[in-house]
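Descriptive analysis of the structure
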Amino acid sequence: MKKTRIGIFGIGHNHAAAAIDTLRKTEGAEIAGLYEPSDETYARRVKENPGVYDDIPRFSLDELFAAGIEAAMVESSVPDLVATATICAERGLHVHMDKPAGTDLDAYKKFLDIAKDKKLVFQTGYMYRYNAGIRYVLSKAKRGELGRIYNIVATMSTKHPEWFKRQLSGYGVRCPSTFIFGGHLIDLVMKLKGNPEELTAFNAVSGDGGIELTDTSVIVMSYPDGISTVKTSSVEVNGWGMREFTVYGEKGTVSVSPIECPMIVREAAAGDGNPWKDCHRVIDIPEEGRYDVMMREFIDMIQGAIPYDVDFEHEYNLQKYTLKACGYDVD
């Protein structure tokens, strides 16, 4: 099978090790090497993730560009993602970039325009797009089986340890919990409902652990026929187990909660039972690894095994509304 040679650009992102380890096992992918400008970051990440980077050569930036690569996997620290991805796109490389896409919308638009003009494959690291349960919900809704979609409820919370919350604080952004986690859910809402007529965010500082961090947010996205809510929090015990994506339509409701590990999908159709009693059924859908489908589709799109399908307008609007939810002026 043809191999797509990929360069790794940065390993500072918290998802880098798991995503790269998945890429290593993806049929059709070949990792040429990695570039990490910080010796401290490189040493720390290698120590934290035994075996992941052992046989991946570390190159300078110029050496990696000269290694015959066709694609870039950008896993640098969050503040450096867009700038690094732009350099790669300017070189004509297909790009997988982790998220979120920074606070500078103009810089992100520049990158997107380059990738679009060159017709490069661009994939962002919003892994829930590739979750089997989420895809079941989205496909069911788009086929019209739920009728008109009235309301959506989405939650992504965790009880984060102190070191993680200090890392969030160190990004120097408004409302870090929404900036890092909210985009995952705003993405899914917009895939079904499009751009909201209004978006209002309610943000709070819990003071948990003595850290002054905006760590809890509720985002209300208003549409002509309903409301979607997105909640993120860093201070909720068993937040992982309560992560949720629920779509309420005129013909039925489908919910994924927890979203992963384990993924549980429940659905109910209008007329199934008494409105004052639970009438849901559990749908048996096999769960794959968090990054398996994402990495496979990145390679398949590059190689033409699946159609070229990059919605650059959606990617821009997603980051625009994520930043708006964080309190940035994007109008």
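Residues numbered from 1 in each chain as written. Predicted model: local features only at pLDDT ≥ 70, side-chain atom pairs only at ≥ 80, totals over all residues. Heavy atoms only, no water.

**Details of the sheet that holds strand β2 (residues 29–35)**
Where strands meet in a sheet, backbone hydrogen bonds hold them as pairs that are either parallel or antiparallel. Test applied: By definition, two strands form a pair when at least two bridges between them are found by DSSP. Labels follow the DSSP assignment, with helices taken as runs of H or I lasting at least four residues and strands as runs of E lasting at least two, numbered in each case from the N terminus. Note on definitions: angles span 0 to 180 degrees between N-to-C directions of axes, and those axes are lines fitted to C-alpha atoms, for helices only across the stretch in contact. Contact between two residues is taken to exist if any of their heavy atoms lie within 4.5 Å; hydrogens are not considered.
Judged by pairing direction, the sheet is parallel, and its five strands sit side by side in the order β2-β1-β3-β4-β5 without closing on themselves. The open sheet has two edge strands with one neighbour each: β2 and β5 (122–124). Averaged over all pairs of adjacent strands, the angle between their axes in this sheet comes to 20°, without regard to strand direction. Pairing of strand β1 (residues 4–9) with β2 involves six bridges; the strand directions are parallel. Across the sheet, the residue bridging to glycine 7 is glycine 33, located in β2. Along the sheet, helix α1 (residues 16–24) contacts β1, β2 and β3 (71–74); its crossing angle with β2, the most-contacted strand, is approximately 145°.

**Structural notes on the layout of surface pockets**
Applicable threshold: Grid points spaced at 1 Å and placed over the protein atoms alone form the basis of the search, with a cavity being a set where a 1.4 Å probe fits but cannot get out and a pocket an open set showing protein on both sides within 12 Å along at least five of seven lines. Lining residues have an atom within 4 Å of a point. Grid points are joined across faces, edges and corners, and a volume is the space filled by probe spheres set on the points. Think of it as three bins: nonpolar holds Ala, Val, Leu, Ile, Met, Phe, Trp, Tyr, Cys and Pro, charged holds Asp, Glu, Lys and Arg, and polar takes everything else, Gly as well.
There is about 500 Å³ of room inside the largest pocket. Surrounding the largest pocket, 19 residues form its lining, Tyr130, Arg135, Lys191, Glu297 and Asp309 being those nearest its centre. Elements supplying a minimum of two residues to the lining of the largest pocket: β5, α6 (132–142), α9 (292–303) and α10 (312–326). Per-element accounting of the lining of the largest pocket gives the leading share, four residues, to α6. Residues of the lining of the largest pocket, tallied by class, amount to eight nonpolar, three polar and eight charged. Around the second largest pocket sit 20 residues that line it, and His15, His160, Phe164, Ile180 and Phe181 are the ones nearest its centre. Put simply, the parts of the chain that give the lining of the second largest pocket at least two residues each are α7 (162–170) and α8 (176–193). Across the lining of the second largest pocket, the residue classes tally to 10 nonpolar, seven polar and three charged.

**Focus: the side chain of glutamate 36**
This is how the line gets drawn: Three labels apply to residues, based on accessible area from a 1.4 Å probe with only protein chains included: buried if under 20% of the type maximum, exposed if over 50%, partly exposed otherwise in between. His is not counted here, nor are the chain ends, while Lys and Arg score as positive and Asp and Glu score as negative. Every case where a carboxyl oxygen of Asp or Glu lies within 4 Å of a side-chain nitrogen of Lys or Arg is listed as a salt bridge. In protein, a polar contact means a hydrogen-donor-capable atom and an acceptor-capable atom, both N or O and within 3.5 Å, with residues adjacent in sequence counting only if both atoms are side-chain atoms; elsewhere, any N or O pair within 3.5 Å suffices.
Relative to the helices and strands, glutamate 36 resides in the loop between β2 and α2 (39–48). For the buried residue glutamate 36, which engages in no salt bridge, the nearest side chain bearing the opposite charge is arginine 58, 5.8 Å off. A distance of 2.9 Å separates a polar side-chain atom of glutamate 36 from the backbone nitrogen of isoleucine 11. Within polar-contact distance, the side chain of glutamate 36 engages the backbone nitrogen of serine 38 at 3.0 Å.

**So, empty space enclosed by the protein**
In this approach the atoms are scanned with a rolling probe the size of a water molecule, which exposes any empty space left behind. Taken as a whole and assessed by the stated rule, the structure comprises one cavity of 30 Å³ or more. Here the largest cavity defines a volume of roughly 30 Å³. Lining the largest cavity we find Lys99, Pro100, Ala101, Tyr108, Thr124, Tyr126, Glu315, Leu318 and Gln319. The biggest single contributor to the lining of the largest cavity is α10, with three residues. Taken together, the residues of the lining of the largest cavity sort by class into five nonpolar, two polar and two charged.

**Comments concerning unusual backbone geometry**
Across the junction of lysine 99 and proline 100, the peptide omega takes the value 0°, indicating a cis bond. Relative to the assigned elements, proline 100 resides in the loop between β4 (94–97) and α5 (105–117). In this model, cysteine 261 is joined to proline 262 through a cis peptide bond whose omega is 5°. With respect to the helices, strands and loops of the structure, proline 262 is situated in the loop between β11 (252–256) and β12 (265–269). Of note in this structure, asparagine 238 is not a glycine but carries a positive phi near 60°. Here asparagine 238 is to be found in the loop between β9 (226–233) and β10 (244–249).

**Quick word on the nonpolar core**
Note the threshold: Here, the term nonpolar core denotes a set of buried Ala, Val, Leu, Ile, Met, Phe, Trp, Tyr and Cys residues that are joined through side-chain atoms within 4.5 Å.
By size, the foremost hydrophobic cluster in this structure holds 103 residues, and its most contacted members are Ile20, Met97, Phe111 and Phe245. Here this core takes nine residues from α8, the largest share from any one element.

**Considerations on the sheet that holds β9**
Reading across from one edge, β7-β8-β9-β6-β10-β11-β12-β13 is the order of the eight strands in this open sheet, with mixed pairing throughout. At either end of the open sheet lies a strand with only one pairing partner, and these are β7 (198–205) and β13 (281–283). Looking at each pair of strands side by side, their axes are set apart by 15° on average, direction ignored. One ladder, built from six bridges, connects strand β6 (residues 149–157) with β10; its direction is antiparallel. When the bridges of β10 are listed, isoleucine 149 appears paired with glycine 249. Sitting on the sheet, α6 touches β6, β10, β11, β12 and β13, and the angle it makes with β11 is about 160°. Packing of α10 onto the sheet brings it into contact with β7 and β8 (214–223), and relative to β7 it is tilted by some 45°.

No statement about biological role is implied by the geometric values presented.
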